[in-house]
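Architecture at a glance
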There are 2 protein chains.
Amino acid sequence: MKKLLLLLAAAAMVACSTVKQKTLTLTDPLTLQSPDGTLTLRFGLSQDGTPMYALAMGEREVVKPSAMGFTFRGERINNDYDSRLHRTYTADVDFHSGFSIESEERDSFDETWNPIWGEESEIRNRYNGMTVTVAKDGIKMLIRFRLYEDGLGFRYEFPDQEKLTYFVIKDELTQFAMTSDHTAYWIPGDYDTQEYSYTVSRLSEIKAGHNPDYNASQLICSPNAVQTALQMKTDEGLYINIHEAELLDYPAMNLDLDPATLTFTTMLTPDAEGYRGRMQTPCKTPWRTVMVVDDARKVLASRLILNLNEACAVPDAAEWVHPVKYMGVWWEMIADKTKWSYTEDYHSVRLGETDYAASKPHGQHGANNDNVRRYIDFAAANGFDAVLVEGWNEGWEDWFGHQKFDVFDFVTPYPDFDIAALNAYAHSKGVKLIMHHETSSSAVNYERHLEEAYSLMNKYGYDAVKSGYVGDILPEGEHHYSQFMINHYHYCITEAVRHRIMVNAHEAVRPTGLCRTWPNMIGNESARGTEFKTGILPNHVTILPFTRLQGGPMDYTPGIFEMDMAKLNPASPGNISSTIARQLAIYVTMYSPLQMAADLPEHYAVHMDAFQFIKDVAVDWSESRYLLAEPGDYLVIARRAKAGAKSKANLGKDGHEWFVGGVTDENERDLEVDLSFLEPGRTYTATIYEDAPGACGIGDDPAFNPAYSIRTVRVTAADKLSMHLAQSGGFAISLQ
Amino acid sequence: MKKLLLLLAAAAMVACSTVKQKTLTLTDPLTLQSPDGTLTLRFGLSQDGTPMYALAMGEREVVKPSAMGFTFRGERINNDYDSRLHRTYTADVDFHSGFSIESEERDSFDETWNPIWGEESEIRNRYNGMTVTVAKDGIKMLIRFRLYEDGLGFRYEFPDQEKLTYFVIKDELTQFAMTSDHTAYWIPGDYDTQEYSYTVSRLSEIKAGHNPDYNASQLICSPNAVQTALQMKTDEGLYINIHEAELLDYPAMNLDLDPATLTFTTMLTPDAEGYRGRMQTPCKTPWRTVMVVDDARKVLASRLILNLNEACAVPDAAEWVHPVKYMGVWWEMIADKTKWSYTEDYHSVRLGETDYAASKPHGQHGANNDNVRRYIDFAAANGFDAVLVEGWNEGWEDWFGHQKFDVFDFVTPYPDFDIAALNAYAHSKGVKLIMHHETSSSAVNYERHLEEAYSLMNKYGYDAVKSGYVGDILPEGEHHYSQFMINHYHYCITEAVRHRIMVNAHEAVRPTGLCRTWPNMIGNESARGTEFKTGILPNHVTILPFTRLQGGPMDYTPGIFEMDMAKLNPASPGNISSTIARQLAIYVTMYSPLQMAADLPEHYAVHMDAFQFIKDVAVDWSESRYLLAEPGDYLVIARRAKAGAKSKANLGKDGHEWFVGGVTDENERDLEVDLSFLEPGRTYTATIYEDAPGACGIGDDPAFNPAYSIRTVRVTAADKLSMHLAQSGGFAISLQ
């Protein structure tokens, strides 16, 4: 092992749990290069024995020397007078300085793996690895680095050892020191919601509390904190993206910025007692990832997060996990046309006691037998796999905002929802129903009912569930992203595997690539989606693929054709900021194996020519090409359908079909689509769905006009298509 | 409704959540008399509209005018800047003053009911009731009083109403103003343990923190708080006992004493966020009870707590709930002779990953096949119903003190415990095994496994489980007696009903009479029991029937014959402070339908003559007589066996057998036992187990000597027996 001489040039040593800032001169560090030589990682100890790392792309510094480590809670004191009146502990344990390096190991890895579903059928996982064992007071910690050509992953590992078995993390102090005042595409750091619009600003302008978005369960963790995946762009044109991978049995990370030094420090989500990780060796943290590439398109093409997760742990997944294109009895409730609830007789419901059969229906219950059949009919007629039905079960009269423990039982339908008959009807038409489990964030109640609820799904032939976590978490004091809930979400996934159920959890933690290991994690929300209606900014879908989608697919629920919300409920006026062509584009630009056609059948019925794209578009892909991309501005992505996949959308495909989507922000834009990705020599029929002349997707602009036009042309790989995108507009192309 | 003029003479109005002290002159209150006219309740409002009650026995004031009411948490604020950085609420709601009286109702009740098991076969439930509806700001609250001849119960009820549906209790402010500086038999108020020795002192001398007892999960709630049931004695010879009944969906109560005014105020157990009750109307608090009698024996005879609970809610309970006399592979671990664990190879266990089959057994595992068979043989040979086996399942190597979530799975036996073969063997001998579920206080983990664990019990023919809650509660921040855990314990009971399983929960909340409604709550610990070995004070069992046993039976685990702990493990010397005769007495003085013979078969084998009493004594009773009693000093109780009960102990009984037990404190004592309770004219053979001459039950006294002698005499109802009890001694008599 090399001897290290690392000079601590200036150290502002402050209290353990606050941001710690050190300037490190890496004189003779351990270095690691990416397989292609693009990236260089340096690692060493500072003069005070703090582990520090730095990352460079060629000669360009990407992450300045940054500290690593932890503060642990002290030992419980349980035998003096004070400890009997308050939980008391010995002093916090400094586990971030005073280390020595014990050993290092190197490894290299190169494999190609095939996801069950995904943006492509083959993913290469190639990295060079370095694992450094550091020790303090006889306690060992491994820092494992994996350096890819597009980024770095590192994690802390705590081996089983006599001197460290159970411990409690008070703070993780991993830093990411930025080199200058980059442009950031950020949402506020929050322990309970991710459903924010993005702010595009300089790092120095990050003010989490000033984001204007409110929602029901919101707890901003610090005035200058942001969430991951955090996309940044340097003035030199580098794209830096910080996130985490394989978040299991550990709280989710926020990044707290010190505006003075432009350094981020991890800010983990606390539990009900304010601690941030109950650990038992052997154990490890999630991977902390720093992607750095010189082209925005490479961010979208990166599989860094998936590759840092473990291989599929569900041996028979290919037998029962499948992509899904679906419709749902949902948007009509979101748009206040109908309701989840059944009656207005009760302002307070007790499950098992409240007699719904004796109540007077308010007549606006969406999940009634006739309406569900109407959706089934339309879905079956148009090649959909499934129909989601929300509001099918008792309890919606008082489910929201009360931290009500026994809020739903997940098995008792409303009187007008015939679960047996509706499933039988759907199956007779080749459609499945998708189950809905809103937990109202009462996690323990959900766990109590989980086995019975999943068994009910098996009984009636549901194979997918949309779950939800709206409102403050129960048990009280826990947060949506604290370790308890991370474990809860994972428990639901692994229990679902036992029942061969696919899970699409909303309001759960942002994904971190776990779908590689558990492909029945077919979807997640974990960001602001279409349900925010007029609250979606024009640049939103140009940013999400750089941020939220880095960890896994999002159930964004596109496909809205009727932009005027007053048409559904006059009391809720306003236009959605989108053209119809843009709605179609999202099926390509926002990758998900679970794609919804969210609007109502009657709204599609008046635009069946445009709806044809939604019917045609695949939901599983053998290849994806990121043609044009700039976060916050525009995206153009082309994808080739996978043949023989298990969704109806792909079943008829032979693998030569391409679909292209393009979206822009609040600016209208002319983009050229180079078709050179097509098979050379082959002629394709391109059906182009584009913004009509005069279209404008800005919802509150007097010129708002979502109109589309459709044209068909014959093209080859040699062609380029010139596309005009309206403000907040887009286009979609199917190439057969 | 009468007009009230209640003068507030002196009011120290302080902040809502601190102790509030008012002096009330009840000029023209509502009054309620007990059916026999002994007790008088007065209720009215103070000048500031505070509901106040007072209780008298004849002319003697028992509870001085005492305030009632609550502070509620304000409404959640969720739309301003600050609310996004911290959970914020509007100001606390004063729901303890400013009331007006809306209406009052009266009722009377008199019934006799038959418990499934108990101290007698018939219990009379007779009270006069008064329900006062008070209102503030249009919100109604009912205060329901039930006045018995031996005490008062009252509760708050919140009806379903437009202006109050969901609310959060910050503090319950019910007061119990004592008239003077009574003698109290108290243990410290604590949110997490009840396993204290009692201090006997004046009220003014209560100093909770100065109790010398420590244990692993201890959180004293205030320097002057005590737990209930709190027994007091006035200098005039009244016995006052404060407790609660029917504790469901609400935190357990402590009593915080203001030493200056000798007034107790309720101090509920907080949840992880510090709140003390998440409520949904219609709802009610537990009953707050004040027993007052003029003879200590009447405290023991009182059924106030049971009567305030609801009738049996388990229609088929008589078919499968039954008293149990049992032995167990348990004391040998408690006494450090053997261990719960299986190996010393692992200091950190992960269930499902740790390979026990590959480990080296440490050779001291108590729950091994041979040892369990030995207990089964002895239990079968001596007429026991069951054998408890602890330490049968994987996970004991690191179960304690780590707040480990996945601590046990409750279904995986150690390699040397053949669950199928041992149950078959036991059943072939007419004995059942008793399951053991130590949760290590990881409540959510237990719930995850509960269905499978109970199903495993059904599969192998277990019909009773001892559960345990040692250590700090998970979810973090909750307490053993917070609302979350109260609901957890109750969930286990009701789930057990579905599986026809009887539950004996240790470290769970002190019982409050719920066994009337759910008789499968066959036992509880919830106090310092025999497992504390040398830590049991001589006066302990003379107090428990006045305190802990008021709420329901305790699994005290008596029957220790080998008092010298060094005989089991030389490293743990010391004598238990008891004579053998006293151990026998406890089977009568400490009523429980679940009685253990806790010592080892080999210790009984050398005293089979004394063991005969344990074999003979019934565990279910048709009649009980409290012959002599003074808390902290002595007890003599006689009970008549119930014929035909389902325990083997009672099966052979014809209903004429009486058993008498007597215990004393640290003082030797001569007591006369009047046998006039016997059937007149009938002659009985009395087998008397008594302290031998020279016996001394003080464990650390050089004269310690637990020796017994046995004699047989013929007696009738006209006889009196003169008994000598050694220091910390006792006697037992069987009358056939």
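Definitions and cut-offs
- Residues numbered from 1 in each chain as written.
- Chains lettered and ligands numbered in written order.
- Predicted model: local features only at pLDDT ≥ 70, side-chain atom pairs only at ≥ 80, totals over all residues.
- Heavy atoms only, no water.
- Salt bridge = Lys/Arg side-chain N within 4 Å of Asp/Glu carboxyl O.
- Buried < 20%, exposed > 50% of the residue type's maximum accessible area, 1.4 Å probe, protein only.
- Helix = DSSP H or I, 4+ residues; strand = E, 2+ residues; numbered from the N terminus.
- Contact = heavy atoms within 4.5 Å.
- Buried area = accessible area lost by both parts, 1.4 Å probe.
- Polar contact = N/O pair within 3.5 Å; in protein donor to acceptor, adjacent residues only side chain to side chain.
- Nonpolar A, V, L, I, M, F, W, Y, C, P; charged D, E, K, R; others polar.
- Axes fitted to C-alpha atoms, helices over the stretch in contact; angles between N-to-C directions.
- Parallel < 35°, antiparallel > 145°, perpendicular 65-115°, else oblique.
- Left-handed = near helix turned anticlockwise from the far one by under 90°.
- Pairing = 2+ DSSP bridges.
- Least-squares fit on C-alpha atoms with pLDDT ≥ 70 in both.
- Right-handed = clockwise from strand over helix to strand, strands pointing away.

**Observations concerning the pattern of salt bridges**
Under the definition given, this model contains 90 salt bridges over all chains. Put simply, Asp271 of chain A and Arg278 of chain A hold a salt bridge, and the shortest N to O gap is 2.9 Å. Arg278 of chain A matches Asp271 of chain A in its accessibility class, with the two residues each being buried. Residue Glu120 of chain B is joined to Arg303 of chain B by a salt bridge in which the shortest nitrogen-to-oxygen separation is 2.7 Å. Pair noted here: Glu120 of chain B is in the loop between β11 (100–113) and β12 (123–136) and Arg303 of chain B is in the loop between α2 (296–301) and α3 (304–307), with a separation of 183 residues, a long-range link. Glu120 of chain B sits in the buried class, given a relative accessible area of 15%. Connected through salt bridges with shared partners, the residues Arg76 and Arg87 of chain A together with Asp192 and Asp472 of chain B form a single ionic network.

**Some remarks on the interface of chain B and chain A**
Facing 61 residues of chain B, the contacting portion of chain A comprises 60 residues. Carbon and sulfur atoms make up 43% of the area that chain B and chain A hide from each other, which totals about 4900 Å². For chain B, the biggest contributors to the area lost against chain A are Arg84, Tyr166 and Arg448 of chain B; these three give 17% of the whole. Joining chain B to chain A, the criterion identifies 10 salt bridges. A salt bridge links Arg278 of chain A to Glu476 of chain B; the nearest nitrogen and oxygen atoms lie 3.1 Å apart. Taken together, chain B and chain A are joined by 38 residue pairs in polar contact (both at pLDDT 80 or more). Here the side of chain B that touches chain A is composed, by residue class, of 19 nonpolar, 23 polar and 19 charged.

**Things to note about the packing of helix α6 (residues 369–381) of chain B against helix α7 (residues 419–428) of chain B**
All names here are of chain B. The interhelical angle for the contact between α6 and α7, taken along N-to-C directions, is 15°, at an axis separation of 10 Å. The angle between the axes of α6 and α7 places the two elements in the roughly parallel class. Note on packing geometry: the crossing formed by α6 with α7 is right-handed. Note on element contacts: α7 touches α6 through Ala421, Leu422, Tyr425 and Ala426, opposite Asn369, Val372, Arg373, Ile376 and Asp377. Broken down by class, the residue content of the contact of α6 with α7 amounts to six nonpolar, one polar and two charged.

**Concerning the sheet that holds strand β24 (residues 278–280) of chain B**
Residue and element names in this part refer to chain B. If you trace the four strands from one edge of the open sheet to the other, you get β10-β7-β15-β24, paired in antiparallel fashion. Two strands close off the open sheet at either side, each with one partner strand: β10 (93–95) and β24. Direction aside, neighbouring strands of the sheet carry axes that sit 40° apart on average. Across three bridges, the pairing between strand β15 (residues 166–172) and β24 is antiparallel. Residue pairing in the sheet places Phe167 in a bridge with Met279 of β24.

**Observations concerning the relation of the copies chain B and chain A**
If you rotate chain B by 180° and push it 0.0 Å along the axis, it lands on chain A with an RMSD of 0.0 Å. Such a combination of turn and shift is consistent with a two-fold rotation axis. In terms of proximity to the rotation axis, the leading residue of chain B is Ala272 of chain B, whose C-alpha is 3.1 Å off the axis. Mapped onto chain A, 98% of the interface residues of chain B again fall at the interface, so both copies present the same surface.

**Re unusual backbone geometry**
The residue after Thr228 of chain B, namely Ala229 of chain B, is reached through a cis peptide bond having omega -5°. Following the sequence through the fold, Ala229 of chain B ends up in the loop between β19 (225–227) and β20 (230–233). Positive phi outside glycine occurs at Glu507 of chain A, with the angle close to 60°. In this structure, Glu507 of chain A sits in the loop between β31 (502–506) and β32 (521–524). Note on Glu507 of chain A: relative accessible area 13%, which makes it buried. Even without being a glycine, Arg500 of chain B presents a positive backbone phi close to 55°. Checked against the element boundaries, Arg500 of chain B lands in the loop between α9 (483–498) and β31 (502–506).

**A look at the pairing of β31 of chain A**
Looking down a regular strand, the side chains alternate between one sheet face and the other. All names here are of chain A. Across the five residues that make up β31, a large majority, five, are buried. In this structure, strand β30 (residues 464–468) lies alongside β31, joined through five bridges in parallel fashion. Note on β31: the bridge partner recorded for Lys466 is Asn504. Handedness of the crossover joining β30 and β31 through helix α9 (residues 483–498): right-handed. In the sheet, β31 pairs with β32 via three bridges, with the strands oriented parallel. Looking across to β32, one finds that Asn504 is bridged to Gly523.

From the geometry alone we can't say anything about function, so treat these as descriptive.
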